[in-house]
Every structure is written in structure tokens, then in C-alpha cells.
Amino acid sequence: MLENIVSALDILFQPARLLALFAGMLAGMVFGMLPGLGGVAAVSILLPFIYLMDGYAGLAMLLGAISVIYTSDTITSVLLGAPGSPASAPTAIEGHALAKQGKASLALGVGFLASMVGGLFGALILSVAIPIAGPLVLALGTPELFMFALVGLCFAASMVGKDLAVGLAAACFGILLGVVGAAPAAANYRFIFGQSYLMDGLSLPIVALGLFAVAELISMVAAGGGIAGKPTPLGKWSDSFREFWRHRWLICRSSLIGIFGGFVPAVGASASTWIAYGHAMSSTKDKRNFGKGEIRGVASAEGANNATIISDLVPTMLFSVPGGPAAAIFLGALFSFGFYPGPRMVSESPDLMYMIVWSVALASVLGAAICFAVTPYIARLTRVNFALIAAPLLLIMVAGAYQGTRTFGDILALLALGILGWLMKNAGVPRAPVLVGFVLATPMEQYFWLTTQIHGFAWLTRPGVLIIASLIVIPLVLNVVRRLRQRRSAGRDESLPQTAADSGETASHDSSVILIMVLLMVAAFGYALVEMLGFRPNARLMPSLGIVPGLLLSLYLLVRQLISMQRQGRCVNLASRQELPVLGGILLYGIVMWLVGFNLATPLLLAWLLVGCARMRWGSALLYGLAVYAVAQGMFAMMRLTPPRGMLLSLPMPW
């Protein structure tokens, strides 16, 4: 083992790989500081570029981003009161209250150091889990690996929100997206609509960018104005180190809670952070300051959320069960580079696993140090209009998507999935299960086909399969029992509790968008079912696992939504209406790009975003737009790509 640890350190400390790690850290810090984007957007943006490197460098870049997300989003949580992700909500509550009291440096310093400790704890657990869990993983067969993937898919349904039916339907939709293209076990192309572009299936970077990054960009541009109303003074850093040492054991305990949350995908960063926050409250005698600016709340939350996102990688690498959407993207990257989590990785690539440990540990320490250095400057930029950031961000997305097949189909898929992601967000349908279902569809199909070929249906009675299946059945039974008890305790007045339970978390969403989204899912699953009947038997195996339950769940959600609209009337959410012009503008950009090419359409996009949305003066907009345009062209040149050409007209560049 020691030999592998030293070898992994030598692998990482190659100049190109260290540079990739630092680049990932910088990207992760930037996206962590942008509320609403976070880790998924960061790794989604980086994903197209990692394929320009070797496998170790590409994975190091992703790990650099993953390791610092929750460290850097402490900045916006404290200074703006806007959590970069749901897992940072306790930090926003306590940290922003401290910032209003002139103690921003105290909250930020303790948050950075606690995040660093959480990341180091996660790295330590990764290194310990490899030799301990390795023999267990090697004893698993394809039936057990398939069940682990199925457990991860079911857990994904509860990652976001409390409505299990919506989460399961979203996961099934992800499987449907994942089976597009050639069937691995039969001579069939599935759901390609006669388009050669879809023969190889959808690209993971495009799916991730469309569902998350494009949808969030639309919302933030539509919100308008600066990220914050006014800059917040920081103060001195010295007190933060004293408070960190004072609460060091609380941070360690919170990190252990976060590690448990990473091991169990159903818990996740959001839940484990609140559990750690609750532990901090219960272990404190004087609870009066909680909610009003309590440093123990910041310390516990930041220690837990960073430990969770790192320990998410343990089930990802050992069992192919991603603990969150960022881990799901990392899992897809492993497959792309030819590294297969589970028995093959433990036996064939121990150096890679320890390189991941070193990357996480190094990024956690350096990320905290960089956050200390850049926070004073970032605090001065909190009034920057987000449209200024959206301009280069959208061009990065286009370049990242286009490098997939270098056809306009990449751009079309990005925009189509962006619309889907926007609809899901405004309908309250979680997008993380879709991404997890998409990533797991391919390995699940391979495991399922091998399992049925080797074991027939006898695999269902294997002890390991039954034990793993209990991870799905037991929580489901407990959830049903809990709901029955809640209904009994409600007595005769069942209408109000039932409405709340039925609606889940969609009460604040626009009912018309919810209805459109549910109808879209019903239509997609219904068409897929009819199309699937014409496939060969082996090509129907995996699609049926997503299509049949997905259709039944979508029909249930449709009936439930119609009943809810009849009872409650029309529920209007103005936010979704205000975002329509921005959505239309981005779609128009895609149409213009298709007609006249990237080089002519992009100046129009920049003029709209900078002058129309950010309200810049024409002179300033021209200078900034030229800089952004030059960077975009440089990005295409770096990737050795020719920007998308138009059908009617195209402006070639001299280079």
C-alpha cells in the first residue's frame, strides 16, 4: 500500500497535472461563489476540457473543483446571505447575521478553516476505505453491482425535495436519456429519430450543462441587477483562528457527520449539514444566539458539507453509486477515461485511487489559503451585474458543448436540454436524479445483461442481492409507516395535510409550468414505450426499467396535478414569467447562430446581454465585449476547433 501511495504522489506532481488541479480549483471557487451554480455547474463547465488531457490530469481538474466548492461558497453565504447551494443555508443564516454585526472576517475565517478540516477528513476516509473495502468489492458479482447501481438510482430520487414520486419519475427520465443511441447488447439504435448525431447517444457534458448551467444562467440574468445590494466590510482575521481552535472538536464531530452523509447517498450534503447544525445546537448550553449570528453554526455546517462532498467519492469509486450530481459527473468521467469503479479499479488502478486522495487533500488546503487571499477583493465586486458574468459563461458553454461532435447538433442538444432544465426547475422537478439516471444507465445495462445471461432469474435470491435490496425496501416501508401515522394523527381533517403532502415542494411553483412538464414526461414515456416494442429483446431490457415505471409515475403526477389545480385554482409564480424573455433571447441566439454562424451571432448576443441586460454604456460594452469575444475565439483555437458555421452565411476568422 505504501508503494502505491508514493507512486500516486509522483503521478500527481507532474507539472501538467498540478496545473490542471489548480485550474479546477480556480473554476470551482468561481462557481462556488455564484449563488445557484455551485459544484454541478463547475464540473459541467470543466467536463468538455478534461478530454484534452490525459486521464490523470483530467480527473485531477475535476477533483480540484469538487474539493473547493463548499469552501468558496462560504464567501457569498456570509457576505450576501445567499447560499451558493442548499447545503450552505446554515452558513448563510449565521454567517450573514455575523457579517451584519461587523464580524464577517470571523465567520469567513472559521468557515474556510472548517471546510479545510472537512476536506482533509474526507481525504483520510478515502485512503482508509480503499484497503478496507477493497476485498469486499472484489467479492461482488454483477448481480450485486447492478443492485448497488439500482440503490444509487433510488437514492437519487430523494436527493432534492421530499416528493418520492417526482424524484423517481425524474430518475426514470434520466435512464431514458441514457439509453439513446446504440444498444450495447443488440444490433439496435434506440430513439435516434433518424438522426446520425444521436447514434452515439447524448454527451454527458451537454446533458449536465443544459440541465443545470443553462437553466441557472437564465434565472440569474432574469433577476437583474448586482449580486448584492451593497458591499460588506470584512474586519480582521485574527479572531477567526482563535475561534476555530476553540471549536476544533465540534468541527471534527461535524466532519464525521458529513462523512456519514457521503457514505449514504440518501442523506447527502444538505441533510448532513443540517444534522451537524442541529448537533451544534444541541451540544450548546446557551442557544439564544442561534439564528442571530452563532459562530458554532458556521463551524459545524462548513465542516460537514465539505466532508460530505469528498466522502461522496467513496461509494462512487467502490460501488458505482454516486452520492450526488457532482459525483455522478465524476463517475461518468471515470468511465470515459477507461477507469471502471469497483473490482477493476481496486485491483488494476490503486495508483489512481490514491492520486484522488492526494488531489483532494492538496486542493482542500490550498483552497482555504486562496479563499483567505481573494476574499477582500471579491467583497468589492459583490455589486457586479450578473449579466456581465453570463456573457463569457454562455460562450464557454457553447464552446464546451460544440467540442463533442463538432456539429450543430451539439448546440441544438444544449439548448433543448437547457429548456428542459428550465422547465424542471420552475416545476419543482429535481434535476439531480435525471443526471444520476443518465450516468448509471450504461453500466446498469451492462450489469443487467450479464446478470440475466449468467444467472437467469436465480440472481434475485442471492444473499448479497437481498441485503442490498433491503437498502431500498426498508426506507420505503418506514416512509409509508410514517405517512400513515401522520394521517392518523391528523384525524378527520385530512384535507390540509394531504394537500401539503401531495404537492410536495411545488406549492411555490407555477402550476402551468408544472402541468407542461408533467405532460411532456407523459408524452416522452408514452412514445418511448411504443417505440421500445419494436426493439430486439436484449435492447429492451434497460429501457423497460425506466420507461414502464416512468410512464406510470408520470400519469400519477398528471392526475395529482389536475386535482390540485382544480382544488387550489391557478397558482402563478411571476419569477417564471420574468425569465421567459431571457429564455427567448438565448433560443434566438441559437437560431441566429444556425443561420449566420457563431462569429456573427455572438456580437449580437454580447450587445443584448451587456447593453440590454447589464445596462452598460455602448463604449464600455464595446471594450468588454471585444475582450470576451477574443477570449471565446482563443478558446476555440486552443481546442483546435472551427466555430460553428451558419447555414446561410458564415464569417471566417483570419486565423
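Note that the structure is a prediction, hence the values are computed from the model and not measured.

## Some words on the overall build of the protein
- Tallying secondary structure elements over the protein gives 27 helices and two strands in all.
- Per-residue burial for the protein yields a buried fraction of 57% across its 655 residues.
- Restricting to contacts in the protein with at least 6 residues of sequence separation, those with at least 24 account for 80%.
- When the accessible area of the protein is evaluated, it comes to approximately 27000 Å², of which 67% is carbon and sulfur surface.

## Observations concerning the packing of helix α18 (residues 386–402) against helix α26 (residues 598–613)
- The geometry of α18 relative to α26 is characterised by a closest axis approach of 9 Å and an angle of 160° between their N-to-C directions. By the angle between their axes, α18 is roughly antiparallel relative to α26. Here α18 and α26 pass one another in a crossing that is right-handed. Residues A387, L388, A390, A391, L394, L395 and V398 of α18 touch α26, and the partners they reach there are F598, T602, L605, L606, L609, L610 and C613.
- A per-class count over the contact of α18 with α26 returns 13 nonpolar, one polar and no charged.

## Overview of helix α24 (residues 537–568)
- Here α24 contains 32 residues, and its C-alpha end-to-end distance of 45 Å stays within 8% of the 46 Å for a straight helix at 1.5 Å per residue.
- Where α24 bends most, the angle comes to about 50°, and this point is P543.

## Description of the pattern of salt bridges
- Applying the stated criterion to the full structure yields four salt bridges.
- Between R296 and E294 there is a salt bridge, and its shortest N-O distance comes to 3.3 Å.
- Accessibility expressed as a relative area gives 5% for E294, which makes it buried.

## Brief notes about unusual backbone geometry
- With a phi angle near 55°, F191 is a residue other than glycine that sits in the positive phi range.
- If you trace the backbone, F191 turns up in the loop between β2 (189–190) and α9 (204–223).
- By relative accessible area, F191 is classed as buried at 5%.
- Residues other than glycine seldom take positive phi values, yet F193 does so here, at roughly 55°.
- As for its placement among the helices and strands, F193 is situated in the loop between β2 and α9.
- For F193, a relative accessible area of 54% translates into the label exposed.

## Regarding the environment of A186
- Position of A186 among the secondary structure elements: in the loop between β1 (181–182) and β2.
- With a relative accessible area of 17%, A186 lands in the buried category.
- Distance from A186 to N538, taken between C-alpha atoms, is 5.8 Å for residues 352 residues apart in sequence.
- A186 has contacts with R536, N538 and A539, leaving out every residue within four places of it along the chain.

## Looking at the packing of helix α20 (residues 432–455) against α24
- Orientation of α20 relative to α24, taken along the N-to-C sense of each, is 125°, at an axis distance of 10 Å. It follows that α20 is oblique to α24 by the angle criterion. Crossing angle aside, the handedness with which α20 passes α24 is right-handed. In this structure, α20 uses A441, M444, E445, F448, W449, T452 and Q453 to contact α24, whose residues at the interface are N538, L541, M542 and L545.

## Some words on empty space enclosed by the protein
- Taken as a whole and judged by the stated rule, the model has two cavities of 30 Å³ or more.
- In this structure, the largest cavity encloses a volume near 70 Å³.
- Counting residues per element, the ones that place at least two in the lining of the largest cavity are α18, α19 (408–427) and α25 (574–596).
- Ranked by residues supplied to the lining of the largest cavity, first place goes to α25 with four residues.

## What to know about the packing of aromatic side chains
- Under the counting rule described, the total for this entry stands at 12 aromatic pairs.
- Consider the rings of F146 and W459, whose centres lie 5.8 Å apart with planes at 85°: the pair is edge-to-face. Taken together, the residues F146 in helix α7 (residues 142–156) and W459 in the loop between α20 and α21 (463–490) connect sequence positions 313 residues apart. W459 carries the same exposure label as F146, and that label is buried.
- Aromatic pair F241 and F372: ring centres 5.6 Å apart, planes at 15°, arrangement stacked.

## Details of the nonpolar core
- If you look at the biggest cluster of nonpolar residues, it comprises 198 residues, and the most contacted ones within it are L126, F330, I356, M397 and Y589.
- Those residues in contact with M397 that sit more than four places away from it in its chain are I45, L209, A213, V214, L217 and L414.

## What to know about the confidence of the model for the protein
- For the protein, mean pLDDT is 78; residues scoring 70 or higher make up 83% of the total.
- Mean pLDDT values over the elements of the protein span from 35, in helix α22 (residues 495–503), up to 91, in α26.
- Residue range residues 492–507 is modelled with pLDDT below 50. Its contacts to residues more than four positions away, or to other chains, number 15 contacts.

About the thresholds
- Residues numbered from 1 in each chain as written.
- Predicted model: local features only at pLDDT ≥ 70, side-chain atom pairs only at ≥ 80, totals over all residues.
- Heavy atoms only, no water.
- Helix = DSSP H or I, 4+ residues; strand = E, 2+ residues; numbered from the N terminus.
- Buried < 20%, exposed > 50% of the residue type's maximum accessible area, 1.4 Å probe, protein only.
- Contact = heavy atoms within 4.5 Å.
- Areas by Shrake-Rupley, 256 points an atom, 1.4 Å probe, with all protein chains shown as cover.
- Axes fitted to C-alpha atoms, helices over the stretch in contact; angles between N-to-C directions.
- Parallel < 35°, antiparallel > 145°, perpendicular 65-115°, else oblique.
- Left-handed = near helix turned anticlockwise from the far one by under 90°.
- Nonpolar A, V, L, I, M, F, W, Y, C, P; charged D, E, K, R; others polar.
- Expected span 1.5 Å × (residues − 1).
- Bend = angle between axes of the 7 residues up to and from the residue.
- Salt bridge = Lys/Arg side-chain N within 4 Å of Asp/Glu carboxyl O.
- 1 Å grid on protein atoms, 1.4 Å probe; cavity = no way out; pocket = protein on both sides within 12 Å on 5 of 7 lines; lining within 4 Å.
- Points joined across faces, edges and corners; volume = space filled by probe spheres on them.
- Phe/Tyr/Trp six-rings, centres within 6.5 Å; stacked < 30°, edge-to-face > 60°.
- Core = buried A, V, L, I, M, F, W, Y, C linked by side-chain atoms within 4.5 Å.
- pLDDT = per-residue confidence, 0-100.

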